[in-house]
Amino acid sequence: MPLNSKHFLSEINKSFVNSIRKNLNKYDTDPKQPQRLKLQKCKYCYYINIKISLQAFTSFTCKNCKEEFLHHNSNVNKYCMKCAEELNICCHCGAEMD
Ligand SMILES: [Zn+2]
Ligand SMILES: [Zn+2]
């Protein structure tokens, strides 16, 4: 099947929709809550807001303590783990923890 055929493209769209549906389902059921809490991430960042990131260390400044930290990929957090835990917020977006 040629890669640019309309059938192939509609299959890609469908599989994308399916993966969104799966993620929404996980968002509702929170099946990985222990792992998620360990990473101090809200349900939205853990299940929905999954960005493709480069595997490269990237520095970021925590919005609370203003210290600089290294993150293991380019999809950096807004807060360091310590502050996120203290404030009970998602380290990635700063929202209240679910
Ligand atoms: Zn901090
Ligand atoms: Zn978040």
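On a predicted model such as this, the values are computed, not experimentally measured, just so you know.

Scoring rules and cut-offs
Residues numbered from 1 in each chain as written. Chains lettered and ligands numbered in written order. Predicted model: local features only at pLDDT ≥ 70, side-chain atom pairs only at ≥ 80, totals over all residues. Helix = DSSP H or I, 4+ residues; strand = E, 2+ residues; numbered from the N terminus. Buried ≥ 20, exposed ≤ 12 C-beta atoms within 10 Å, placed from the backbone. Contact = placed C-beta atoms within 7 Å. Pairing = 2+ DSSP bridges.

## Digging into the environment of F60
Part 1: By the secondary structure assignment, F60 is in strand 1 (residues 58–61).
Part 2: Exposure remark for F60: the 15 C-beta atoms within 10 Å place this residue in the partly exposed category.
Part 3: In this structure, F60 is in contact with F69, H71, V76 and N77, ignoring residues within four places of it in sequence.

## Let's talk about the pairing of strand 2 (residues 68–71)
Part 1: Pairing of strand 1 with strand 2 involves four bridges; the strand directions are antiparallel. In the strand pairing of strand 2, T58 is matched with H71.
Part 2: Here strand 1 folds back onto strand 2, and the loop between the two strands holds six residues, one of which, K66, carries a positive phi near 65°.

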